[in-house]
Amino acid sequence: MISSKNRKIVTYTLLTLIIISVFISGVIISPFHGYYTTDENFVADSGVWMWYGNTPRGLDWPASPSMLFYFVVFGAACFKSIVANTGGIHGLVSIFESFDLEAYKYLWDREPYILLGRAVQIFVVGYVMYITIRLIHKRNHYLLTDSLRLFLPVVLVASTILLGNLPVLRPEAISGSLFILLMARLIFADSITIKEVVICSVIFGLILAQRLIFAFFIPFYVVAIFLLIPQDKIKNVLFAILMILISFIVFCPFIISDTLVVMKSFVGGIIAKMNDKPMGTFFNMEYLKIYFAEPVNYIILLLSVLGIYNLLRTKKVIYFVLIGNLFIFLFLVLRSSKIYDTHVLPAGVVTLFLIGFGLSYIVELGKATGFKVAIGLVVIMSLFHFNEAYAQHKRVHATINMHTASKWILTLPSDTKMLLNPELEFYIPKTQDCLLREKAQNLDTLKMIKKLNFLLGNKGAAELNEKDLPIIANAFAFEDEKQYDAQYRILLKYISTEKRKMYDYDIYFDSIELASHSVQTQEAIAEFKAGKYQYMVTDLQMEGVKPIKVFNKDEGAYYYVYHSKTK
């Protein structure tokens, strides 16, 4: 068996190498325009435009701490600009002008903000994992065998939850790592003090403010506090719930200021994903088939079963509650018609602990042979996750055909009239005419009513019209439009002074209810063929129309350039 000192060296070294490598890959040598996903824009935009009185977007996560971080960062950038131009400041109007100018700079180049947020996230998660590993090494608990102290930290660090989420500016990385820490504090405890109740409850409130899906594990948390606190159990459970609520409100104040938005975003998001499309089976078999298509998941499943046995044989009620909560959560998730990996994140964290307990049980059964088997299984799982992470980083760093197409577009004359794939919108600057047109579409009352009917699922006779539109709908249905309107106004304020090339274009979507400034795909194609646009740049291959250019030498979907005069 490896000594205590060497166990620490292995786990801390592995954690350090992962943090450094992800930092280099995600920040120092960042992907195209700094993005792993366009969701990163939503997080940064929400924080910046809070200064303009706008409700953040994406509150279904809600990722509130990350958004508040960008609120502070943008405020600091504006303060820096004001200090640097003190001589040109003449009263409050000049100060407000500095804010507008900084917002305009942000809209032209979000990358510095994205990279800063990513760097901070990487080191925050790294620190949280360091605290968790230190707890596992130092805490005295009957479950913490020598083999578990070795294998569990490695499993936690070399997991997709850490490797896959760490560089992506979404809420999963921070919330997932904090939930790992919270689970470690509760699972490896015989009893807890009032101080620990406060700490754990504040952490849980922060987790919920970052990713509300962890609320499904509140039952386990409440029962755990009840079982672990030695005195005044009911009183301390109520106190823990109160502390969670206070922590959640502090880190997600929008639950008070924009209650309906949070409710619409989270509850509506769950309903939409559960009813996205009819399922012919009781559970989402499509997701299950994808899961079982990976051979390594059979190892994970086997170790999880052994881990469950290893926990439940202690006959401790707290572990029965944990496993019961896990199964209820999985039941609800698998009933959804649309499942992403992020939706099973809480279950993924618990599974990591079960894997560790399963490995520990194998060592217990087989002694020296069991230890070798456990090492072999850890190596297999770790290599699989490292390979997945490498593939992810390689994919986002690769030049794809869309990037090449966007660079080609920027060689065209300014003001060229085009129809573009929606993904190109982030990279192609818009002319004044384009912005004015989109600004009007963004606040078009009829389009806003269509969006509300879509969100409420109203069809036919149940559809609302302008006359019947509830005034309170403005409080929860149109935060996107309000944020876009502020952006349009900032861009239009300074666009006349801009020397860079800009283009007059529309983007297309199959469903335009949630993207008011877009054109329905088939209508857009018909308008292109009728001569409304000079070029169409798309990943769609149109029948009967010959492209003048095809981008197919790089990664990703092929991109085609069509000219309105070419048949």
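Before any of the text, the structure's been laid out above.
So, a few notes on the structure that sits alongside this text.

Cut-offs used in this document
- Residues numbered from 1 in each chain as written.
- Predicted model: local features only at pLDDT ≥ 70, side-chain atom pairs only at ≥ 80, totals over all residues.
- Heavy atoms only, no water.
- Helix = DSSP H or I, 4+ residues; strand = E, 2+ residues; numbered from the N terminus.
- Expected span 1.5 Å × (residues − 1).
- Buried < 20%, exposed > 50% of the residue type's maximum accessible area, 1.4 Å probe, protein only.
- Contact = heavy atoms within 4.5 Å.
- Axes fitted to C-alpha atoms, helices over the stretch in contact; angles between N-to-C directions.
- Parallel < 35°, antiparallel > 145°, perpendicular 65-115°, else oblique.
- Left-handed = near helix turned anticlockwise from the far one by under 90°.
- Nonpolar A, V, L, I, M, F, W, Y, C, P; charged D, E, K, R; others polar.
- Pairing = 2+ DSSP bridges.
- Salt bridge = Lys/Arg side-chain N within 4 Å of Asp/Glu carboxyl O.
- Core = buried A, V, L, I, M, F, W, Y, C linked by side-chain atoms within 4.5 Å.
- Polar contact = N/O pair within 3.5 Å; in protein donor to acceptor, adjacent residues only side chain to side chain.
- Phe/Tyr/Trp six-rings, centres within 6.5 Å; stacked < 30°, edge-to-face > 60°.
- Lys NZ or Arg CZ within 6 Å of the ring centre and 35° of its normal.

1. A short note on helix α9 (residues 194-210)
Taking 1.5 Å as the rise per residue, α9 with 17 residues should run 24 Å; its terminal C-alpha atoms sit 24 Å apart, in good agreement. Taken together, the buried positions of α9 are V197, C200, S201, I203, F204, G205, I207, L208, A209 and Q210. Tucked inside the fold, the buried residues of α9 contact α3 (64-84), α8 (172-187), α10 (218-228) and α11 (233-251).

2. Remarks on the packing of α3 against helix α4 (residues 92-108)
Running from N to C, α3 and α4 cross one another at 120 degrees; their axes reach a closest spacing of 9 Å. For the element pair α3 / α4, the angle class is oblique. The two elements α3 and α4 cross, and the hand of that crossing is right-handed. Residue-level contacts link F74, A77, C78, S81 and I82 of α3 to I95, S98, F99, E102 and A103 of α4. Across the contact of α3 with α4, the residue classes break down as 7 nonpolar, 2 polar and 1 charged.

3. Observations regarding the sheet that holds strand β4 (residues 535-538)
Backbone-to-backbone hydrogen bonds join strands into a sheet, with any given pair of strands oriented parallel or antiparallel. A sheet is described by the order of its strands in space; here 6 strands give the open sequence β3-β2-β1-β4-β6-β5, paired in mixed fashion. Among the strands making up the open sheet, the edge pair consists of β3 (519-520) and β5 (549-551). Across 2 bridges, strand β2 (residues 504-509) lies against β3 in parallel orientation. Bridge assignment links Y508 to a residue of β3, and that residue is V519. Taken strand by strand, helix α18 (residues 401-409) contacts β1 (417-420), β4, β5 and β6 (559-563), and its axis lies near 140 degrees from that of β5.

4. Some details on the pattern of salt bridges
Scanning all chains against the criterion turns up 18 salt bridges. With its nearest N and O atoms 3.0 Å apart, the salt bridge here joins E40 to R118. Placement of the pair is E40 in helix α2 (residues 39-49) and R118 in helix α5 (residues 111-138), with a sequence separation of 78 residues. As far as the burial class goes, E40 and R118 line up, both buried. D504 is the salt-bridge partner of R437, the closest N and O atoms lying 2.8 Å from each other. Placement of the pair is R437 in helix α19 (residues 432-442) and D504 in strand β2, with a sequence separation of 67 residues.

5. A few points about the nonpolar core
By size, the foremost hydrophobic cluster in this structure holds 164 residues, and its most contacted members are M183, F188, F353 and L359. No other element matches the 18 residues that helix α17 (residues 345-397) contributes to this core.

6. Regarding helix α6 (residues 146-157)
The end-to-end C-alpha distance of α6, which contains 12 residues, comes to 18 Å, matching closely the 16 Å that a straight helix rising 1.5 Å per residue would cover. Among the 12 residues of α6, 11 are classified as buried, and the element is accordingly described as predominantly covered. For α6, every residue scored as buried is listed here: S147, L148, R149, L150, F151, L152, P153, V154, V155, L156 and V157. Buried residues belonging to α6 abut α1 (4-28), α5, α7 (160-163), α8 and α17.

7. A closer look at the environment of T416
With respect to the element layout, T416 can be found in the loop between α18 and β1. Residue T416 is classed as buried on the basis of its relative accessible area of 5%. Considering only alpha carbons, one finds T416 and K501, 85 residues apart in sequence, at a separation of 9.8 Å. Not counting the four nearest positions on each side in its chain, T416 is found in contact with Y503, D504, Q534 and Y535. A polar side-chain atom of T416 sits 2.6 Å from the main-chain carbonyl oxygen of P413.

8. So, the packing of aromatic side chains
This model, assessed by the stated rule, comprises 30 aromatic pairs. Their ring planes at 40 degrees and their centres at 5.1 Å tell us that Y104 and Y494 sit as a pair that is tilted. A residue pair is termed long-range when its members are at least 10 positions apart, and Y104 in helix α4 and Y494 in helix α21 (residues 479-494) qualify at 390 residues. Take Y104 and Y494: they sit in the same class, and that class is buried. The rings of F179, F214, F216, F217 and F329 are connected pair by pair, giving a single aromatic cluster. The positively charged end of R335 is found above the aromatic ring belonging to F282, 4.2 Å away from the centroid. Note that R500 overlies the ring of W108, its terminal NZ or CZ placed 3.7 Å from the centroid.

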